[in-house]
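For reference, the chains in residue letters:
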Amino acid sequence: MATYLVGDLQGCLDDLHALLAQVNFNSLNDHLWLTGDLVARGPKSLETLRFIQSLGDHAHTVLGNHDLHLLATAAGFAKPKEKDHIQPILDAADRDQLLNWLRHQPLLLEHPSFPFVITHAGIPPQWDLDTARKAARNVESILQSDDYLNLLKNMYGNGPDQWSPDLSSVEKLRFTINAFTRMRFCFPDGRLDMQSKLPPHDPNISELIPWFNVSDRKHIEKKIIFGHWAALMGYEDNNVVGLDTGCVWGESLTLLRWEDGQYFATECPIYA
């Protein structure tokens, strides 16, 4: 039995199948952990949802910003974008079943035996793991309840950019969603930047710092696995592993086997 972790799929199902074939993935014994953004700009978002769901307890995914946007679009709070190839999902006979399954996926996952956690974008510098757990469970409990429409309706917006116990309930929910699914850079004081998608070495980022390099970031006792930031083209240090290597942009899809730390990749055509 092996544990595989893979970056953002964004509907690039053929590339995932090629990668799983490369490692002889056994859907009865192996486990696949995903960093979210199952859907959007690749060609097979509908088929991707169906495939990941079909793996049952052998697939474990968090929600990404594109996954949440799909849920909001299906609920009527946003319009489908042509570049996000999600219309087949909205038109599918099994759309309600697929969307209900997606709505019940978490923002934060922890492996029961290995020392890693997964979230789409990362964990904000102000939070320790216990705070992150509580914030994630708060959003998840609402998203999985009959009140999920209010959450989807109010999740859009770039503020607040700093966590505080004094935030309103809606502000706490929005900050949590932004931190877990949209964060890349922070300002030196830990405030979230919701604008830049550049790589960290780009000269135009000015004072911005990758969230995982903020100097007073709270210690997280497990390795953080994340995706979302394609411009990183993969990243690893002692504390974090970034697995988004830009498959949908014509780069590669990357898989990490946890047990021996070996990486596998497959080249992808340009989809977006």
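Residues numbered from 1 in each chain as written. Predicted model: local features only at pLDDT ≥ 70, side-chain atom pairs only at ≥ 80, totals over all residues. Heavy atoms only, no water.

**With respect to the state of the cysteines**
Okay, step 1: Applying the stated criterion across every chain yields a total of 1 disulfide.
Okay, step 2: Each disulfide pairs two cysteine sulfurs, and for C247 the partner residue is C268, the sulfurs being separated by 2.4 Å. On the S-S bond that ties C247 to C268, the torsion sits near -105°, and the link is left-handed. Of the two residues, C247 sits in the loop between β11 (240-242) and β12 (252-257) while C268 sits in the segment after β13 (262-267), which places them 21 residues apart along the sequence. Residue C247 shares its accessibility class with C268, and that shared class is buried.
Okay, step 3: You can see C12 has no disulfide; the closest cysteine sulfur is in C247, sitting 3.8 Å from it. (Disulfide = S-S within 2.5 Å. Helix = DSSP H or I, 4+ residues; strand = E, 2+ residues; numbered from the N terminus. Buried < 20%, exposed > 50% of the residue type's maximum accessible area, 1.4 Å probe, protein only.)

**Remarks on the sheet that holds strand β1 (residues 3-6)**
Okay, step 1: With respect to topology, 5 strands assemble into an open sheet ordered β3-β2-β1-β12-β13, the strand pairing being mixed. With one partner strand each, in any of the chains shown, β3 (59-61) and β13 form the two edges of the open sheet. The average undirected angle you get between the axes of adjacent strands in this sheet is 20°.
Okay, step 2: With 4 bridges joining them, β1 and strand β2 (residues 31-34) adopt parallel strand pairing. (Pairing = 2+ DSSP bridges. Axes fitted to C-alpha atoms, helices over the stretch in contact; angles between N-to-C directions.)

**What to know about helix α2 (residues 45-54)**
Okay, step 1: Three or more residues of α2 are buried, namely S45, L46, T48, L49, F51 and I52.
Okay, step 2: The secondary structure elements touched by the buried residues of α2 are α1 (13-22), β2, β3, α3 (65-74), α4 (87-91) and α5 (95-103). (Contact = heavy atoms within 4.5 Å.)

**A short note on helix α6 (residues 129-143)**
Okay, step 1: Helix length check: α6, at 15 residues, gives a terminal C-alpha distance of 21 Å against a target of 21 Å (1.5 Å per residue), a fit within 8%.
Okay, step 2: Residues of α6 that are buried: L129, A132, A135, A136, V139, E140 and L143. The arc enclosing the buried residues of α6, seen along the axis, measures out at 130°, which places them on a common side. (Expected span 1.5 Å × (residues − 1). Arc of directions from axis to C-beta.)

**Here we look at the packing of aromatic side chains**
Okay, step 1: As enumerated under the stated definition, the model contains 14 aromatic pairs in all.
Okay, step 2: Between F185 and W229, the ring centres sit 4.7 Å apart and the planes meet at 75°, which makes this aromatic pair edge-to-face. Taken together, the positions of F185 in strand β6 (residues 185-186) and W229 in the loop between β9 (223-226) and β10 (235-236) put the pair 44 residues apart, joining distant regions of the chain. Per residue, the accessibility class of F185 equals that of W229, and both read buried.
Okay, step 3: Among the aromatic residues, ring-to-ring pairing joins F185, W211, F212, F226, W229 and Y235 into one connected group. (Phe/Tyr/Trp six-rings, centres within 6.5 Å; stacked < 30°, edge-to-face > 60°.)

**Remarks on the pairing of β13**
Okay, step 1: Where β12 and β13 come together, 6 bridges link them in antiparallel fashion. Across the sheet, residue S252 finds its bridge partner in β13, namely E267.
Okay, step 2: The turn joining β12 and β13, which pair antiparallel and follow one another in sequence, is formed by 4 residues; a positive phi near 70° is taken by G261.

**Topic: the pattern of salt bridges**
Okay, step 1: Taken as a whole and assessed by the stated rule, the structure comprises 12 salt bridges.
Okay, step 2: Note that D84 and R41 form a salt bridge whose closest N and O atoms lie 3.1 Å from each other. Linking D84 in the loop between α3 and α4 with R41 in the loop between β2 and α2, this pair joins segments that are 43 residues apart in sequence.
Okay, step 3: What makes D84 buried here is its relative accessible area of 5%. (Salt bridge = Lys/Arg side-chain N within 4 Å of Asp/Glu carboxyl O.)

**Topic: the pairing of β12**
Okay, step 1: The buried count for β12 comes to 6 of 6 residues, which makes it a mostly enclosed element.
Okay, step 2: Side chains S252, T254 and L256 project from β12 onto one buried face, and the interleaved L253, L255 and R257 project onto a second face that is buried too.
Okay, step 3: Pairing analysis gives 3 bridges linking β1 to β12, with the strands arranged antiparallel. For V6, the partnering residue across the bridge sits in β12 and is L255.

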